[in-house]
Amino acid sequence: MLVTTQIPGYIAGTWEIDPVHSDVSFTVRHMMVSKVRGRFTNFSGEIVTGADVADSTVKASVDATSIDTGNAQRDGHVRSADFFDVENHPEWAFRSTGVRSDGGDIVVDGELTIKGVTRQVPLTLEVNGFGPDSYGGTRAGFSASATINRNDFGVDIAMPLDGGGVVLSDKVQINLEIQGVLRQS
């Protein structure tokens, strides 16, 4: 059981993800020396905060064609069958399977589907707050992160470097900054 009194201003309800005020991004090591960042510009979802935090759920989808790494040529290659194969797998999905406490952290366990492959992925969650917005509505903010292995999802292109190492790391850091708008009944 997670105690809602540990989350100031906690509000139970159904929240639509506001894509204008949210960010879905990733970071991957490149050429063994730096990191490349990317984001997705089209995504949607619903968060249900339960009366008990442990009863909360999340459903979200990402338009994989909306990748933006700041380089159009790279984005085109990442959309190709070498990486995301967006022609055959244009949408990714996340569906929570549980919420639990892990030490001082809240963890949202769930199923992430990329390229038709579904794997269990735990998201470490930070609840940023709840409060009124300037339009008479109510907003909630959440930050979450996870690390996945891209090979587990069929994004398994191997690109070795001369002299050792690889062009892209297998490990990918996922970062979410989510703002939800409370659905009015």
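Residues numbered from 1 in each chain as written. Predicted model: local features only at pLDDT ≥ 70, side-chain atom pairs only at ≥ 80, totals over all residues. Heavy atoms only, no water.

## A look at the nonpolar core
Here is step 1: Among the nonpolar cores identified, the biggest contains 45 residues, and Phe40, Phe84, Leu112 and Ile148 are the most heavily contacted of them.
Here is step 2: No other element matches strand 11 (residues 168-182), which puts six residues into this core.
Here is step 3: Contacts of isoleucine 148, omitting those with residues within four sequence positions, involve Leu112, Ile114, Val121, Phe153, Asp170, Lys171, Val172 and Ile174. (Core = buried A, V, L, I, M, F, W, Y, C linked by side-chain atoms within 4.5 Å. Buried < 20%, exposed > 50% of the residue type's maximum accessible area, 1.4 Å probe, protein only. Helix = DSSP H or I, 4+ residues; strand = E, 2+ residues; numbered from the N terminus. Contact = heavy atoms within 4.5 Å.)

## Quick word on the side chain of aspartate 18
Here is step 1: For aspartate 18, the position within the fold is in the loop between strand 1 (13-17) and strand 2 (23-30).
Here is step 2: Here the side chain of aspartate 18 touches arginine 139 through a polar contact of 2.5 Å, side chain to side chain.
Here is step 3: In this structure aspartate 18 touches Arg139, Gln179 and Val181, once residues within four positions along its chain are discounted. (Polar contact = N/O pair within 3.5 Å; in protein donor to acceptor, adjacent residues only side chain to side chain.)

## A word on the pairing of strand 1
Here is step 1: Every second residue of strand 1 is oriented toward a common face, the buried set being Gly13, Trp15 and Ile17 and the non-buried set Thr14 and Glu16.
Here is step 2: Sheet topology places strand 1 next to strand 11; three bridges connect them, and they run antiparallel. Residue isoleucine 17 lies in a different strand from strand 11, and its bridge partner there is glycine 180. (Pairing = 2+ DSSP bridges.)

Take it as geometry only, folks, not as evidence of what the structure does.
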